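# Structural features, examined
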Amino acid sequence: MLARPPGPTLDVLAGRLMVEDLSVAYRGVPALTDITWVAPATGLVAVVGPNGAGKSTLIKAILGLVPSTGKVNVGGRTMDEARGLTAYVPQRASVDWDFPATALDVVLQGMVRETGWFRAYGRARRGKALDLLDRVGLADLASRQIGAMSGGQQQRVFLARGLARDARILFLDEPLAGVDAASESIILDVFDALDRDGRLVVCVHHDLGTVAARFRDVLVLNKTVIAAGPVAEAFTPQVLARAYGVPLAT
Ligand SMILES: Nc1ncnc2c1ncn2[C@@H]1O[C@H](COP(=O)(O)OP(=O)(O)OP(=O)(O)O)[C@@H](O)[C@H]1O
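Residues numbered from 1 in each chain as written. Predicted model: local features only at pLDDT ≥ 70, side-chain atom pairs only at ≥ 80, totals over all residues.

### Brief notes about the overall build of the protein
Here is the rule we go by: Secondary structure follows DSSP: runs of H or I at least 4 residues long count as helices, runs of E at least 2 residues long count as strands, and numbering of each begins at the N terminus. Once C-beta atoms are placed from the backbone, each residue is buried if 20 or more other C-beta atoms lie within 10 Å of its own, exposed if 12 or fewer, and partly exposed for counts between those two. Working definition of a contact: two residues with C-beta atoms, positioned from the backbone, lying within 7 Å.
Check the secondary structure of the protein and you find 9 helices and 10 strands. A buried classification covers 39% of the 250 residues belonging to the protein. Residue pairs at least 24 apart in sequence account for 67% of intrachain contacts in the protein once pairs closer than 6 positions are excluded.

Dropping the structure here:
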């Protein structure tokens with residue numbers, strides 16, 4: 001049985017992302033073991049942990065991008081059934097930046113679903129894609145090749161692409177890694193707007209110094225769950241010492 005946080009009724013859990021006994025192994029080597037986690041209904045969650053803790057693997061396993069055992073559901077729906085509710089912004093390092101596409105193309109690709117490629121290029125969709133680029137401060141670079149943009153600009157384009165799905169739950173893998181202060185500020189402002197809009201943002205994050213200021217909840221991982229919950233309760237020096245193996249200040 002899923003261990004529930006004390007108190008909540010089924011109503012409170014309705015619609016929540018729930019992970020139960022999730023395990024992943026790569027060629028027989030465990031990367032994640034028995035992850036059980038009930039995400040908050042909305043808000044910003046930082047997924048933190050040392051290198052190799054399994055943060056990226058967790059996001060991919062939740063989305064069904066790597067084989068896993070255990071259960072994942074959103075309010076009782078499997079991830080396949082809930083696919084339309086989710087968006088994924090992968091780690092920048094995992095993207096081939098040499099592919100020939102403009103920033104606008106990349107955002108339009110985010111709107112392609114089961115309906116197929118053709119419908120994605122209607123006038124309304126193009127307008128929406130331009131609005132999304134504007135939202136991340138890149139309206140004037142819509143026709144720039146993605147490979148000719150800075151790291152922070154590329155990350156913002158991929159955030160806009162994630163937003164194009166109008167998802168209720170957004171997963172982002174280190175969107176703030178290696179971006180400059182201006183890009184970081186724009187990305188965090190978008191997160192805050194998503195939070196106000198009642199979305200759930202699950203973000204792999206390396207900078208422990210900004211967790212308390214910018215995220216409401218945290219999931220601390222080191223191949224299994226070390227702690228999870230509101231930052232004030234779960235992001236403590238004791239938890240971080242357990243996760244990272246050395247004392248760290250929060
Ligand atoms: N495709 C793969 N094949 C084999 N092993 C993998 C694969 N992907 C990840 N791993 C291993 O699984 C473990 C968890 O990796 P993962 O990338 O999920 O960790 P992470 O916490 O996101 O790390 P980082 O902070 O360095 O990005 C690591 O030991 C990694 O080497």
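### A short note on the sheet that holds strand S2 (residues 29-38)
Note: strands within a sheet are paired through backbone hydrogen bonds, in either parallel or antiparallel orientation. Formally: By definition, two strands form a pair when at least two bridges between them are found by DSSP. Between N-to-C directions, angles cover 0 to 180 degrees, with each direction set by a line fitted to C-alpha atoms, over the stretch in contact for helices.
Reading across from one edge, S2-S1-S4-S5 is the order of the 4 strands in this open sheet, with antiparallel pairing throughout. Every interior strand has two partners, whereas the edge strands, S2 and strand S5 (77-78), have only one. Packing of helix H2 (residues 55-62) onto the sheet brings it into contact with strand S1 (17-26), S2 and strand S4 (69-74), and relative to S2 it is tilted by some 65°.

### Concerning the site of the ligand
Applicable threshold: Each residue receives a C-beta atom built from its backbone; the residue is near a molecule or strand if that atom lies within 6 Å of it. Polarity classes work like this: nonpolar for Ala, Val, Leu, Ile, Met, Phe, Trp, Tyr, Cys and Pro, charged for Asp, Glu, Lys and Arg, and polar for all others, with Gly in that last group.
Around the ligand, the surrounding shell consists of Tyr26, Ala31, Gly49, Asn51, Gly52, Ala53, Gly54, Lys55, Ser56 and Thr57. No other element matches H2, which puts 3 residues into the shell around the ligand. Residues belonging to the shell around the ligand are distributed by class as follows: 3 nonpolar, 6 polar and 1 charged.

### Focus on the sheet that holds strand S9 (residues 217-221)
An order of S6-S7-S8-S3-S9-S10 is seen for the 6 strands of this open sheet, with the pairing classed as mixed. Edge strands, defined here as strands with exactly one partner in the open sheet, are strand S6 (86-89) and strand S10 (225-230). Neighbouring strand axes in the sheet, compared pairwise and without regard to direction, differ in orientation by 15° on average. Packed on one face of the sheet, helix H9 (residues 237-244) meets S9 and S10 and runs near 150° to S10.

### So, unusual backbone geometry
Glycine aside, residues mostly have negative phi, and peptide bonds are mostly found in the trans state. Although it is not a glycine, Asp21 adopts a positive phi angle of roughly 50°. Here Asp21 is to be found in strand S1. Judged by the 13 C-beta atoms lying within 10 Å of it, Asp21 falls in the partly exposed class. At Asp34, a position not held by glycine, the phi torsion is positive, near 50°.

### With respect to helix H5 (residues 151-163)
Here is the rule: Residue count minus one, scaled by 1.5 Å, sets the expected span of a helix.
For H5, spanning 13 residues, the distance from its first C-alpha to its last is 18 Å, which sits close to the expected 18 Å at 1.5 Å a residue. Every buried residue of H5 is accounted for by Gly152, Gln153, Gln154, Gln155, Arg156, Val157, Phe158, Leu159, Ala160, Arg161, Gly162 and Leu163. Turning to H5, the residues buried within the fold contact S6, helix H3 (103-109), helix H4 (123-135), strand S7 (169-173) and helix H6 (181-196).

### What to know about the pairing of S10
Two faces, one strand: in a regular strand the side chains alternate between the faces of the sheet. Relative to S10, S9 runs antiparallel, the two being bridged by 5 bridges. Of the residues in S10, the one forming a bridge with Asp217 is Pro230. From the end of S9 to the start of S10, which pair antiparallel, there are 3 residues, and Lys223 there has a positive phi angle of about 70°.

### Overview of the environment of Arg83
With respect to the helices and strands, Arg83 occurs in the loop between S5 and S6. Overall, the presence of 17 C-beta atoms within 10 Å leaves Arg83 in the partly exposed class. In sequence terms Arg83 and Ala213 are 130 residues apart; their C-alpha atoms lie 30 Å from each other.

### Examining the packing of H5 against H6
The condition is simple: Orientation is classified from the angle alone, with under 35 degrees giving roughly parallel, over 145 giving roughly antiparallel, 65 to 115 giving roughly perpendicular, and any other angle giving oblique. Helix crossings are classified by the rotation of the near helix relative to the far one: an anticlockwise turn of less than a right angle makes the crossing left-handed, while a clockwise turn makes it right-handed.
Closest axis-to-axis distance for the H5/H6 pair is 10 Å, and the angle between their directions is 15°. Between H5 and H6, the crossing angle belongs to the class labelled roughly parallel. Of the two possible hands of crossing, H5 and H6 adopt the one that is left-handed. Within the contact between the two elements, H5 uses Gly152, Gln155, Arg156 and Leu159 and H6 uses Ser183, Ile186, Ile187 and Val190.

### Some words on the confidence of the model for the protein
Low-confidence regions, as indicated by low pLDDT, have predicted coordinates that should not be scrutinised in detail. We apply this condition: Every residue gets a pLDDT, meaning the predictor's confidence in that residue, from 0 to 100.
Across the protein, the average pLDDT comes to 88, with 88% of residues at 70 or higher. Note that pLDDT drops below 50 for residues 1-10; the model gives that stretch 7 contacts with residues more than four away or on any other chain. Two summary scores accompany this predicted model of the complex, namely pTM at 0.90 and ipTM at 0.98.

### Observations concerning the nonpolar core
For soluble globular proteins, the rule of thumb is that nonpolar side chains tend to be buried together. How we decide: The term nonpolar core refers to a group of buried residues, namely Ala, Val, Leu, Ile, Met, Phe, Trp, Tyr and Cys, whose C-beta atoms join them within 7 Å.
Membership of the largest hydrophobic core comes to 71 residues, with the highest contact counts inside it found for Val45, Val47, Val107 and Val201. Contact partners of Val47, with chain neighbours within four places excluded, come to Lys55, Leu58, Val202, Cys203, Val204, His205, Leu219 and Leu221.

### A closer look at H9
One turn of an α-helix holds 3.6 residues; hence residues three or four places apart share an orientation. Which entries qualify depends on this criterion: Summarising the geometry, the arc corresponds to the directions from the helix axis toward the C-beta atoms.
Taken as a whole, H9 has its buried residues at Val239, Leu240 and Ala243. Buried residues of H9 fall within an arc of 95° about the axis and therefore sit on the same side. Every exposed residue of H9 that faces more than 90 degrees away from the buried side is listed here: Pro237 and Gln238. Where H9 is buried, its residues contact S9, S10 and helix H8 (231-234). Note on H9: the residue one or two positions beyond its end, Gly245, has a positive phi of about 80°.

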